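Structural overview
One-letter residues, chain by chain:
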Amino acid sequence: MMRDILLGEFLGCAFLILFGGGVVANNLLTKSKGNNVGWLAISAGWGFAVMGGVFVAKSAGSIQADLNPAVTLAKFLLGGIYSVSEIFPIMFAQITGCFLGAILVWLTYLPHWKETEDPSLKLAVFSTGPAIRHSPSNLMAEVIGTTILVFGIGAIFGKATNNGEISPAMGPYLVGLLVWAIGLSLGGATGYAINPARDLGPRIAHALLPIAGKGKSDWKYSWIPVLGPVMGGVLGAFLCKMFL
């Protein structure tokens, strides 16, 4: 039922951000136990967050467990899964789930926001930002990362891999490893949103929450981690149709 799909995507995305945003908070916020633990932990944490989020989404009723509007769009373009009337409610559920996850991260690290002086570190817990601000390159990095994500998921579950019969219990682990690999290899340019909901929902939360000493939410950059993954989803769907 559509209600189950929406609930699954909502809860799965909340789980995704609670663990993904949580590992960033643990790394960046002052006096946290994992302060300055490094990029390896962050990229691993996001991979585990995706893995866990997929399990939660599936258990709650979303068999597809996209957790990502770019993935939902790609599946729609490939045909046979979603209708036009379904994809937008699913995307809304994903964004609101990410919003909730960001609130939970804020609550988990509540005393640490005041202790952290740099507003940019606080924003980084919620949303991505480029290492070097150059819009064309930043957009390209998000397109490439999301294309690889969609094409990689297509390869994992495609006919050439075990005749397309990946165990339901194994799939989330493989997708989590894929996200971990993308973070390690491609994430350094922009922080690899590769998911419009992952960036937009928490950015809205950052703008609305009474975070101690926060700065601006950098809406000037915010279109890149939304449009880039959408473009990557379309390109990834095209590559899946061509080669898988």
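When helices and strands are counted, the protein chain shows 10 helices and zero strands. For the protein chain, the succession of helices and strands along the chain, N to C, is α-α-α-α-α-α-α-α-α-α. Here the C-alpha atoms of the protein chain give a radius of gyration of 17 Å, agreeing with the 18 Å that 2.2 N^0.38 yields for 244 residues. Dimensions of the protein chain, computed from C-alpha atoms along their principal axes, come out at roughly 50 × 35 × 30 Å. Across the 244 residues of the protein chain, 49% fall into the buried class. In the protein chain, 76% of the contacts between residues at least 6 apart in sequence involve partners at least 24 apart. Of the side-chain charges in the protein chain, 15 are positive and 11 negative, and the distance between the mean point of each set is 4 Å.

Turning to the packing of helix α1 (residues 2-28) against helix α2 (residues 39-60), a few remarks are in order. Here α1 crosses α2 at 160°, and the two axes come no closer than 7 Å. Classified by the interaxial angle, the pair formed by α1 and α2 is roughly antiparallel. As α1 packs across α2, the resulting crossing turns out to be right-handed.

This part is about helix α8 (residues 171-186). The α-helix winds at 3.6 residues per turn, so residues separated by three or four positions along the chain end up facing the same way. Across its 16 residues, α8 extends 22 Å between first and last C-alpha, which sits within 8% of the 22 Å expected from 1.5 Å per residue. Residues of α8 that are buried make contact with α2 and α7 (135-156).

Cut-off values and rules
- Residues numbered from 1 in each chain as written.
- Predicted model: local features only at pLDDT ≥ 70, side-chain atom pairs only at ≥ 80, totals over all residues.
- Heavy atoms only, no water.
- Helix = DSSP H or I, 4+ residues; strand = E, 2+ residues; numbered from the N terminus.
- Rg over C-alpha atoms; globule rule 2.2 N^0.38 Å.
- Buried < 20%, exposed > 50% of the residue type's maximum accessible area, 1.4 Å probe, protein only.
- Contact = heavy atoms within 4.5 Å.
- Lys, Arg positive; Asp, Glu negative; His and termini not counted.
- Charge placed at Lys NZ, Arg CZ, Asp CG, Glu CD.
- Axes fitted to C-alpha atoms, helices over the stretch in contact; angles between N-to-C directions.
- Parallel < 35°, antiparallel > 145°, perpendicular 65-115°, else oblique.
- Left-handed = near helix turned anticlockwise from the far one by under 90°.
- Expected span 1.5 Å × (residues − 1).

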